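# Coordinate analysis (summary)
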Amino acid sequence: SGGDWFRYDTQTGDVLAITPVPPAGEEPYRFDWTSPSLLSQHDPDVIILGGNRIFISRDRGESWERTADLSRQIDREALELMGVKGKDITISKHDGESSFGEVTTLAESPLDPMVLWAGFDDGNIQVSKDGGKTWTEVSRNVRGVRDGTYVSRVEASARGAGVAYATFDAHRDGDFRPYAFRTDDFGATWTPIHAGLPAMG
């Protein structure tokens, strides 16, 4: 949790910390409280971690490749909570959310190891079609949910390499309705699939 990962050897009992560490002089990486990770279903040596960047290891955590900061890089101090700007909150500041602008969900296509998805707490959805080398933000193509809504899940489908599902959690805005969408074209367009679900989803 919070970006702490370890590799455990079940035969020897050895534990190795594999959390990515920024180079000296750089800002610390940001990780969600429940930071997502996945072990590739196509290659057991490949591990993918999500923070404000995406980290990919091709050697079980011995070394890491990293993206640029893929979050929307929003200053949380400028956001409002119940009409009060973050910088003006004095009691229980940022309670339950120590940082902001980080990956909350990761997915790998079961059909194509080059296709990766990431959802963020700032409403951002990113997709890569080249194994994580380049990423494209596709969340702004979603219609029918407020831009910036927390992405609670992205799942890659076995129906096609470009097919994925995304859900959004707006309860922080007092909106408890379910928001679920499907894309068939790598996020270029999204179809709502939440019609008929309970309003208090």
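Quantities reported herein were computed from a predicted structural model and do not represent experimental measurements. (Residues numbered from 1 in each chain as written. Predicted model: local features only at pLDDT ≥ 70, side-chain atom pairs only at ≥ 80, totals over all residues. Heavy atoms only, no water.)

## A few points about the overall build of the chain
In terms of helices and strands, the chain carries zero helices and 16 strands. In the chain, which comprises 201 residues, the share counted as buried stands at 42%. A separation of at least 24 residues holds for 44% of the contacts in the chain among residues at least 6 apart in sequence. For the chain, the accessible area works out to roughly 11100 Å², and carbon and sulfur atoms hold 52% of it. (Helix = DSSP H or I, 4+ residues; strand = E, 2+ residues; numbered from the N terminus. Buried < 20%, exposed > 50% of the residue type's maximum accessible area, 1.4 Å probe, protein only. Contact = heavy atoms within 4.5 Å. Areas by Shrake-Rupley, 256 points an atom, 1.4 Å probe, with all protein chains shown as cover.)

## Re the nonpolar core
The biggest cluster of nonpolar side chains holds 18 residues, and the ones touching the most others in it are W117, I125, F168, F181 and W190. Only β11 (125–128), β13 (150–156), β14 (164–169) and β15 (179–183) provide two or more residues apiece to this core. Once residues within four sequence positions are removed from consideration, W190 is found in contact with W117, I125, V138, N141, V142, A164, A166, F181, R182 and T183. In this structure, L38, I54, V103 and L116 belong to the second largest nonpolar core, which totals twelve residues. (Core = buried A, V, L, I, M, F, W, Y, C linked by side-chain atoms within 4.5 Å.)

## Concerning the sheet that holds strand β3 (residues 37–39)
Strand order in the open sheet formed by four strands is β3-β4-β5-β6, and the pairing between neighbours is antiparallel. Of all the strands in the sheet, the pair left with one neighbour each is β3 and β6 (65–66). Of the strand pairs in this sheet, β3 and strand β4 (residues 47–50) are connected by three bridges, and their pairing is antiparallel. If you follow L38 over to β4, its bridge partner there is I48. (Pairing = 2+ DSSP bridges.)

## What about the packing of aromatic side chains?
Taken as a whole and assessed by the stated rule, the structure comprises six aromatic pairs. Between Y29 and F31, the ring centres sit 6.4 Å apart and the planes meet at 85 degrees, which makes this aromatic pair edge-to-face. Since its relative accessible area comes to 11%, F31 is described here as buried. Between the aromatic rings of F168 and F181, the centroid separation amounts to 5.7 Å while the plane-to-plane angle is 85 degrees, which identifies the pairing as edge-to-face. Taken together, the residues F168 in strand β14 and F181 in strand β15 connect sequence positions 13 residues apart. (Phe/Tyr/Trp six-rings, centres within 6.5 Å; stacked < 30°, edge-to-face > 60°.)

## Considering the pattern of salt bridges
The final tally for this structure, using the stated rule, is 15 salt bridges. We note a salt bridge from R53 to E26, for which the minimum N-O separation is 3.9 Å. On the criterion of sequence distance, the pair formed by R53 in the loop between β4 and β5 (54–57) and E26 in the loop between β2 (15–17) and β3 is long-range, its members being 27 residues apart. Judged by its relative accessible area of 32%, E26 falls in the partly exposed class. Salt-bridge contacts for D184 lead to R159; the nearest nitrogen and oxygen are separated by 3.7 Å. Note that D184 is positioned in the loop between β15 and β16 (191–192) and R159 in the loop between β13 and β14, a separation of 25 residues in sequence. For R159, a relative accessible area of 56% gives the class exposed. Residues participating in the shared-partner salt-bridge network are R72, E137, R140 and D147. (Salt bridge = Lys/Arg side-chain N within 4 Å of Asp/Glu carboxyl O.)

## A word on the environment of D130
Along the chain, D130 falls in the loop between β11 and β12 (136–137). Sequence separation between D130 and P113 is 17 residues; the distance between their C-alpha atoms is 8.5 Å. Here K133 takes part through its backbone nitrogen, which lies 3.1 Å from a polar atom of the side chain of D130. Side-chain polar atoms of D130 contact the side chain of T134, separated by 2.6 Å. (Polar contact = N/O pair within 3.5 Å; in protein donor to acceptor, adjacent residues only side chain to side chain.)

Just geometry here; none of it tells us what the structure is for.
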